[in-house]
Structures are given as structure tokens and as C-alpha cells.
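These are the residues of each chain, in order.
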Amino acid sequence: MGKIISITNQKGGVGKTTTTVNLAAAVGAKGKKVLLVDIDPQGNATSGFGINKRSLVHSSYDLLIGACEAKDVILSTEFEGVDVLPSNIALAGAEIEIVELEDRTLRLKKALVPIKADYDFIFIDCPPSLGLITLNALAASDTLMVPIQCEYYALEGLSQLVATIRQVKRLYNPTLDLEGVLLTMFDGRLNLTVQVVAEVKKFFPQKVYKTTIPRNVRLSEAPSYGQPVIYFDRNSKGSLSYQALAEEFLSKNRG
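Numbering of residues starts from 1 in each chain and follows the order in which that chain's sequence is written. For a predicted model such as this one, the threshold for reporting local features is a pLDDT of at least 70, and the threshold for listing and counting side-chain atom pairs is 80 or more; totals across whole chains, interfaces and linings nevertheless cover every residue. Working from all heavy atoms in the structure, the side-chain values ignore hydrogens and water.

The subject of this paragraph is the sheet that holds strand β4 (residues 82-85). Backbone-to-backbone hydrogen bonds join strands into a sheet, with any given pair of strands oriented parallel or antiparallel. The strand order across the open sheet built from 8 strands is β3-β4-β2-β5-β1-β6-β7-β8, with neighbouring strands paired in mixed fashion. Taken across any chain shown, the strands that pair with only one partner, and hence form the sheet edges, are β3 (75-76) and β8 (208-214). Pairing between two strands requires that DSSP report at least two bridges joining them. Under the scheme used here, helices are H or I runs from DSSP no shorter than 4 residues and strands are E runs no shorter than 2 residues, and both carry numbers assigned from the N terminus. The pairing of β3 with β4 spans 2 bridges and is classified as antiparallel. Its bridge partner lying in β4, L75 is registered against V84. By definition, residues are in contact when any of their heavy atoms lie within 4.5 Å. In this analysis, axes come from line fits to C-alpha atoms, helices being fitted only over the stretch in contact, and the angle between any two N-to-C directions falls in the range 0 to 180 degrees. Packed on one face of the sheet, helix α10 (residues 191-203) meets β6 (143-149), β7 (177-186) and β8 and runs near 175° to β7.

Given below as C-alpha cells:
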């Protein structure tokens, strides 16, 4: 039975989509069967795998409003082990539509049940907000992974995120657990980075990954070529860090 992991942070620009795309690709390349579910209306994770979001017949929008099933939306990719359930801008209006629907926070959970067993891991790329779409992801997930940028403002949202996790556990998903916290845009030479790391470790003891993700030009360039970084430039710093993260992630998920 596949494990469902939401990759989420209500703050934008923290490397959330970069992490979803590159971790999914790196885990797939290690022989696991992976599904990336894109529920961000921007659809950047979709285009990160070379899928043209403008020419989609179905998207995660259709899934959330109940117009079709997951198997009708999922696309296979040219990258080892990875399928994508894509998104596009149609999803932008979904929050308003879902409000009126029955079980509005459980739409995604119910939609993923029939295909969960087909995958080892299902990674959900969430929008940078704590709205109804993100609540659907958290209600559907076994765990959540939080990328945090090594900057001062990253700390400001932590208490809000922790409060949301508590609320989701209480109302919708009592078994939701924290998969881990990933430090992104890491530069160990900066005092601020060291301070942020110390604060985050205090906030989330035992949950911060040893692997950190550096700022890296190749990581920024790869999406414009529609490729995860391990296919775009396998030996770049960014690629090696996501390969190391995949190893660490899998070692914690053995058994």
C-alpha cells in the first residue's frame, strides 16, 4: 500500500515544488514506483516533468470536483518510475466550487484510494497557502514534509504551520505525522543560516533531515527544460543533494 506524503509550506518560494519534483524523480530512479500529484494551480510540478499543462484533457481540478477518476488523469512520464497526476490553472477556482460539495475536505483522499496500492510513494505538491485544497492534501496524507528556507522570515510561519497540523489531526486526520523538515537554499557560511537551523531543530526535534539543499543554478535551470535535475545535470550540487535526500528518505521508510 503506497505511502502518501504532502510537501507543504504556507510560505511561497521555499523550494516546495523543486523538492517535490526532484525527490519524486530521485526516489523513482532508485527503483520505487512513484506518483506525483500536483494540486498547485500554477502547475509547476507538472511542467517540471515536461508535461504541457495547457494541453491537458483532465487535471487534478476534474478529480477534486468529482468529474473523473484518478486513473483517467494520471500520465506516465519518460522518467524512471514516475507518473504524474497533473494540474493547471483550472484548479484556481476549485476552492470556491469545493466549498459547496459534500465532504469538501476529503475529496482528494477518496479520489486516491483506488490507486494508492499501485505506488510505493505518492508525493503531493501543495499550493503555498493553507486553504481548502491544502487541507484536502493533509487529510489524504500519511505524513507531511516541510521545506524551510534558511532565512529569517521562514521562522515566522512555523507556529502557524504547527497549529494547522494540530487542527488537521483533530478534525480530519488523527494519524497525520510529520515526515521531516528539509532545509533549503542552504549556505553554511552565513551566520543567519546557522541560527535558522538551530531554531528549526528546536521547533522540530529529531525531524530535521541531515541532507540540506543548497542554492544551485542547475536546480533553477532544470524546470525550463522540463526535466528533474538528476536528468538535467546528474553531477551538479543540486542533483547530488536530492539524491542524498532520496537515500535518507528511503532509509527512514524501510520496513
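The next point concerns the environment of F204. Tracing the backbone shows F204 in the loop between α10 and β8. Exposure remark for F204: the relative accessible area of 7% places this residue in the buried category. Spatially, the C-alpha atoms of F204 and G180 are 8.5 Å apart, while their sequence positions differ by 24 residues. When accessible area is computed with a 1.4 Å probe and restricted to protein chains, residues below 20% of their type maximum are described as buried, those above 50% as exposed, and intermediate ones as partly exposed.

What follows deals with helix α1 (residues 16-29). When the terminal C-alpha atoms of α1 are compared, their 20 Å separation across 14 residues agrees well with the 20 Å that a helix rising 1.5 Å per residue should span. Across the 14 residues that make up α1, a large majority, 12, are buried. Of all the positions in α1, only K16, T17, T19, T20, V21, N22, L23, A24, A25, A26, V27 and G28 are classed as buried. Downstream of α1 by one or two residues, G31 has phi in the positive range, about 95°. Multiplying 1.5 Å by the helix residue count minus one yields the expected span of that helix.

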